[in-house]
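The chain contents come next:
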Amino acid sequence: MAAAPVAVLLLLALLIPAASASAGDAHPGYGDEGACGLESAPAPARVLEEQEGRRILDITHAYRPDLPAFAPGAVTGPVVQLRESMADGSEYNLSDLRMECHAGTHVDAPGHMNQAHFVAGLDVDKLDLGVLNGPALLVDVPRNTNITAEAMKSLNIPKGVRRVLFRTLNTDRKLMWKSGGDLSYVGFTEDGAQWLVDNTDIKLIGVDGLSVASFDHLISAHVVLFKNPDIIPVEALKLDDVEAGLYMLHCLPLRLIGAEGAPTRCILIK
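Below is a summary of the structure that appears in this document. Since we're looking at a predicted model, the values are computed, not measured.

This brings us to the packing of helix α6 (residues 190-199) against helix α7 (residues 218-226). Across the interface, α6 lies against α7 with an axial gap of 8 Å and an inter-helix angle of 10°. Between α6 and α7, the angle is such that the two are roughly parallel. Within the contact between the two elements, α6 uses Glu-190, Ala-193, Gln-194, Leu-196 and Val-197 and α7 uses Ser-220, Ala-221, Val-224 and Leu-225. By residue class, the composition of the contact of α6 with α7 is six nonpolar, two polar and one charged.

Turning our eyes to something else, we now look at the state of the cysteines. Under the counting rule described, the total for this entry stands at one disulfide. Bridging Cys-251 to Cys-266, the disulfide has an S-S length of 2.4 Å. One disulfide, between Cys-251 and Cys-266, carries an S-S torsion of 120° and so falls in the right-handed class. Remark: Cys-266 occurs in strand β11 (residues 261-269) and Cys-251 occurs in strand β10 (residues 245-253); sequence separation between them is 15 residues.

By secondary structure assignment, the location of His-112 is in the loop between β5 (106-108) and α2 (115-119). Between the alpha carbons of His-112 and Gly-261 there is a distance of 7.0 Å; along the sequence they are 149 residues apart. Non-local contacts of His-112, meaning those with residues more than four positions away in its chain, are made with His-102, His-222, Phe-226 and Glu-260.

Another point: the side chain of Asp-208. Inspection of the secondary structure assignment puts Asp-208 in the loop between β8 (204-207) and α7. For the buried Asp-208, which has no salt bridge, the nearest side chain bearing the opposite charge is Arg-167, at an N-O separation of 6.3 Å. Within the local environment of Asp-208, its side chain forms a polar contact with the backbone nitrogen of Thr-168, the two atoms lying 2.8 Å apart. Of note is the side chain of Asp-208, whose polar atom sits 3.1 Å from the side chain of Asn-170. Setting aside chain neighbours within four positions, we find Asp-208 in contact with Phe-166, Arg-167, Thr-168, Asn-170, Thr-171, Met-176, Ala-236, Leu-237 and Leu-239.

Among soluble globular proteins, nonpolar side chains are generally buried collectively. If you look at the biggest cluster of nonpolar residues, it comprises 28 residues, and the most contacted ones within it are Met-152, Phe-166, Phe-188, Leu-196, Ile-202 and Ile-205. Of all the secondary-structure elements, those providing two or more residues to this core are α4 (149-155), β7 (163-167), α6, β8 and α7. With four residues, the single largest contributor to this core is α7. If we skip the residues at most four places from it in the chain, Phe-188 touches Ile-147, Met-152, Phe-166, Ala-193, Leu-196, Ile-205, Val-207, Val-212, Ala-213, Ser-214, His-217 and Ala-221. One finds Ile-59, Leu-237, Leu-249 and Cys-266 within the second-largest nonpolar core, a separate group that totals 24 residues.

This structure, assessed with the given rule, holds twelve salt bridges. Of the charged contacts, one joins Asp-140 and Arg-143 as a salt bridge, the two residues approaching to 3.1 Å between their closest N and O atoms. According to the relative accessible area criterion, Asp-140 is partly exposed, its value standing at 35%. Via salt bridges that share partners, Asp-140, Arg-143, Arg-167 and Asp-172 belong to a single interconnected network.

Mapped onto the fold, Thr-60 is located in the loop between β2 (56-58) and β3 (80-84). In this structure Thr-60 comes out as buried when scored by relative accessible area, which is 9%. Looking at Thr-60, its side chain comes within polar contact range of the main-chain nitrogen of Cys-266, at 2.7 Å. In contact with Thr-60, other than residues within four places in its own chain, are Thr-105, Lys-238, Thr-264, Arg-265 and Cys-266.

All right, on to α7 then. All buried positions along α7 are accounted for by Leu-218, Ala-221, His-222, Val-224, Leu-225 and Phe-226. Where α7 is buried, its residues meet β5, α2, α6, β8 and β9 (232-235).

What follows concerns α6. Within α6 the residues assigned to the buried category are Gly-192, Ala-193 and Leu-196. The arc that holds every buried residue of α6, seen down its axis, measures 100°, which confines them to one face. Looking at the packing, one finds that the buried side of α6 touches α4, β7, β8 and α7.

Turning to its location among the elements, Ala-221 is positioned in helix α7. Sequence-wise, Ala-221 and Gly-187 are 34 residues apart; in three dimensions their C-alpha atoms are separated by 9.2 Å. In this structure Ala-221 touches Phe-188, Thr-189, Glu-190, Ala-193 and Ala-213, once residues within four positions along its chain are discounted.

What counts and what doesn't
- Residues numbered from 1 in each chain as written.
- Predicted model: local features only at pLDDT ≥ 70, side-chain atom pairs only at ≥ 80, totals over all residues.
- Heavy atoms only, no water.
- Axes fitted to C-alpha atoms, helices over the stretch in contact; angles between N-to-C directions.
- Helix = DSSP H or I, 4+ residues; strand = E, 2+ residues; numbered from the N terminus.
- Parallel < 35°, antiparallel > 145°, perpendicular 65-115°, else oblique.
- Contact = heavy atoms within 4.5 Å.
- Nonpolar A, V, L, I, M, F, W, Y, C, P; charged D, E, K, R; others polar.
- Disulfide = S-S within 2.5 Å.
- Buried < 20%, exposed > 50% of the residue type's maximum accessible area, 1.4 Å probe, protein only.
- Lys, Arg positive; Asp, Glu negative; His and termini not counted.
- Salt bridge = Lys/Arg side-chain N within 4 Å of Asp/Glu carboxyl O.
- Polar contact = N/O pair within 3.5 Å; in protein donor to acceptor, adjacent residues only side chain to side chain.
- Core = buried A, V, L, I, M, F, W, Y, C linked by side-chain atoms within 4.5 Å.
- Arc of directions from axis to C-beta.

Have a look at this one:
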């Protein structure tokens, strides 16, 4: 008779974990439709942004469905879709990644707005990792202006500095945290881009908005910068709560053959 209660207990022990697993068998980043999203995900822990006592700072925006895209009110939408799910009986979980190459934190390759460079094969795969990794200066741009020639002069960036991250009003306005694109973002004007090319040694330009170029100078500022295929814009950086100053920057774009842009993971190390 004692064997019956033992059997019941064993049965319960097997059933209870199974029941609890069915209640939370999906990754917390996935919604009901199998799309990776913020709605069902927990709030991001600060430890993901700051590691080793603030020595390592992640300045990459997470890819979420409401991440701003380059059009008024536009968003990236879900970029990760769960194609095979263990919750639905599959033996494994497997996701698809579908996104625009210029979504979220990303780099521009020279062929983005220069057809000669594009035809020459100057794609993301050809970007100089020596430029994408090394000492970088984070500066605060005056908040009442785009990055004009006058603004560039006022920053007094020393000759020899090759990597500069420009924090602007975009960060204060939290434009990259808003749901939907806002084309009133701050960026380089044509004369600002020309001043940078003519008067500095900067090869990596990091910005905190949707584009390195302000919307009114979207084409002309890019054209100026991409005359020199050695200049690499890194766009949509997350520069909130980071002190201005000198850091070691590490940016590693996805190695996409033939692509004029690529998602990039960027970190700063003190």
